[in-house]
Amino acid sequence: MSRALVLYYTRTGITEKMAQTIAETLSQEGVFTDLADVSQFQVDDLIKYDLIVIGSPTYYGTMAAEIKEFLDESIKLHGDLNGKIGGAFSSSANRAGGNETTIWSILSALLIHGMVIKGISEGSHYGPVAVGIFDEEAREDCRLYAQELSRLLKSLKPA
């Protein structure tokens, strides 16, 4: 069975709610999924997963320092994540808060690891975002994203 990790950092709880929704949806799609706060997760364990989705609040147009530090540490796994699937999501306090640049900064690190990234043609193209609150629109974007990632995972790694 394929394994997924939904890893996140949160301060207000919004990013955590997004992570929970993504993890729940992946599980409903038949993907064995772990949900973890970045402070409780070891970088070396990334190699156990076929799909890695990382979420962060947006601070000054980029990811939280806790996520950046984790990704910086992941350099020791360079080459070991090649071909795995990656994704990202973000939350911010306001519309022009930098969600897209935050997601891109996470995706950039995953691409350098050689990971496969999936865009979404409808909704949040780069990955789900929440602005100010975790509302039904953000919840639905998280569900759609998880379903799309699950389909890609199943097509690349059939059971």
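Residues numbered from 1 in each chain as written. Predicted model: local features only at pLDDT ≥ 70, side-chain atom pairs only at ≥ 80, totals over all residues. Heavy atoms only, no water.

J.: What should I look at first to understand the pattern of salt bridges in this one?
T.: Side chains carrying opposite charge are able to pair once their charged atoms draw close together. Counting across every chain of the model gives 11 salt bridges. Among the salt bridges present, the one from Glu136 reaches Arg143, with a minimum N-O distance of 3.2 Å. Under the relative-accessibility criterion, Glu136 is labelled partly exposed at 48%. Sharing partners across several salt bridges, the network here consists of Glu136, Arg139, Glu140 and Arg143. (Salt bridge = Lys/Arg side-chain N within 4 Å of Asp/Glu carboxyl O. Buried < 20%, exposed > 50% of the residue type's maximum accessible area, 1.4 Å probe, protein only.)

J.: Help me understand the packing of aromatic side chains in this model?
T.: Both the distance between ring centres and the angle between the ring planes are used here to describe each pair of aromatic rings. Taken as a whole and judged by the stated rule, the model has 3 aromatic pairs. Each ring, one from Phe41 and one from Phe70, has its centre 6.2 Å from the other, and the planes form 55°; the classification is tilted. Of this pair, Phe41 sits in the loop between strand S2 (32-37) and strand S3 (51-59) while Phe70 sits in helix H2 (residues 65-73); the two residues are 29 residues apart in sequence, bridging distant segments of the chain. For the pair formed by Phe41 and Phe70, the shared burial category is buried. Measuring from ring centre to ring centre gives 5.2 Å for Trp104 and Tyr126, while their planes differ by 55°; the resulting arrangement is tilted. Of the two residues, Trp104 is situated in helix H3 (residues 99-112) and Tyr126 in the loop between strand S6 (116-117) and strand S7 (129-131); the sequence distance between them amounts to 22 residues. Through a chain of ring-to-ring contacts, the aromatic side chains of Phe41, Tyr49 and Phe70 assemble into a single cluster. (Phe/Tyr/Trp six-rings, centres within 6.5 Å; stacked < 30°, edge-to-face > 60°. Helix = DSSP H or I, 4+ residues; strand = E, 2+ residues; numbered from the N terminus.)

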